[in-house]
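What follows is each chain in one-letter form.
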Amino acid sequence: LEDRDKKLVAPRLARAYDALDSPDQDRMVQHFDSLPKIYASLIKMDQFAFTFSMQAQLAADLLGDPDFAGNDLQVNNMKMGLGLRKPSAEFWAPVGKL
């Protein structure tokens, strides 16, 4: 991560951490190593459409989600949701069932 990204994401991670219960805090800490993978995916985002602050907030929100494991499937789904990858039919199928 670049220094700019570290400065933006650190306070957001602290707030996300404080909002969680103890077991979820432990799980969040276990997934900190996913940050470089998240940011590597966001590099291709246009900084005018998806600012560095927004990228930091997304990273903090993902790590603060107890169901986020930072695995390849979740990162690929994030890319599809952000328009960085062509979405598969299976990706949008749950939305069509709403």
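Residues numbered from 1 in each chain as written. Predicted model: local features only at pLDDT ≥ 70, side-chain atom pairs only at ≥ 80, totals over all residues. Heavy atoms only, no water.

Draft legend 1. A look at the overall build of the chain. Looking only at helices and strands, the chain features 6 helices and 0 strands. Secondary structure elements in the chain, listed N-terminal to C-terminal, are α-α-α-α-α-α. The C-alpha radius of gyration computed for the chain amounts to 14 Å, which stays within 12% of the reference 13 Å derived for 98 residues, consistent with globular compactness. Each principal axis of the C-alpha distribution contributes one length, and for the chain these read about 35 × 30 × 20 Å. (Helix = DSSP H or I, 4+ residues; strand = E, 2+ residues; numbered from the N terminus. Rg over C-alpha atoms; globule rule 2.2 N^0.38 Å.)

Draft legend 2. Structural view of the packing of helix H3 (residues 35-42) against helix H5 (residues 72-81). The interhelical angle for the contact between H3 and H5, taken along N-to-C directions, is 25 degrees, at an axis separation of 10 Å. Between H3 and H5, the interaxial angle falls into the category roughly parallel. Once H3 is placed against H5, the crossing between them reads as right-handed. Touching Lys37, Ile38, Ser41 and Leu42 of H3 are Asp72, Val75, Met78 and Lys79, all from H5. Of the residues contributing to the contact of H3 with H5, the split by class is 4 nonpolar, 1 polar and 3 charged. (Axes fitted to C-alpha atoms, helices over the stretch in contact; angles between N-to-C directions. Parallel < 35°, antiparallel > 145°, perpendicular 65-115°, else oblique. Left-handed = near helix turned anticlockwise from the far one by under 90°. Contact = heavy atoms within 4.5 Å. Nonpolar A, V, L, I, M, F, W, Y, C, P; charged D, E, K, R; others polar.)

Draft legend 3. Looking closely at the nonpolar core. In terms of nonpolar packing, the biggest core is built from 19 residues, with Val9, Leu13, Leu35 and Ile38 touching the most fellow members. When residues of this core are traced back to their parent elements, those giving at least two are helix H1 (3-18), H3, helix H4 (52-64) and H5. No other element matches H4, which puts 5 residues into this core. With near-sequence residues (within four places) excluded, Leu35 lies in contact with Leu1, Val9, Leu13, Ala59 and Leu63. (Core = buried A, V, L, I, M, F, W, Y, C linked by side-chain atoms within 4.5 Å. Buried < 20%, exposed > 50% of the residue type's maximum accessible area, 1.4 Å probe, protein only.)

Draft legend 4. Representation of a nonpolar patch on the surface in the model. On the surface, Tyr17, Val29 and Phe32 cluster together into a nonpolar patch covering about 240 Å² of accessible area. Examined against the element boundaries, Val29 turns out to sit in helix H2 (residues 22-30). The class for Val29 is partly exposed, based on a relative accessible area of 44%. (Patch = residues over 30% accessible without salt bridge, like charges linked within 9 Å, V, L, I, M, F, W, Y side chains within 5 Å. Areas by Shrake-Rupley, 256 points an atom, 1.4 Å probe, with all protein chains shown as cover. Salt bridge = Lys/Arg side-chain N within 4 Å of Asp/Glu carboxyl O.)

Draft legend 5. H4, seen in detail. Given a rise of 1.5 Å per residue, 13 residues ought to cover 18 Å, and the 18 Å separating the end C-alpha atoms of H4 matches this to within 8%. Of all the residues in H4, the buried ones are Gln55, Ala56, Ala59, Ala60, Leu62, Leu63 and Gly64. The inward-facing, buried residues of H4 contact H1, H2, H3 and H5. (Expected span 1.5 Å × (residues − 1).)

Draft legend 6. Main features of the pattern of salt bridges. Applying the stated criterion across every chain yields a total of 4 salt bridges. Note that Glu2 and Arg4 form a salt bridge whose closest N and O atoms lie 3.4 Å from each other. The exposure class of Arg4 is partly exposed, given its relative accessible area of 33%. By sharing partners, the salt bridges in this structure join Glu2, Arg4 and Asp5 into a single network.

Draft legend 7. Representation of the side chain of Gln25 within the structure. Note on placement: Gln25 falls in helix H2. In this structure, Gln25 is in contact with Tyr17, Asp18 and Leu20, ignoring residues within four places of it in sequence.

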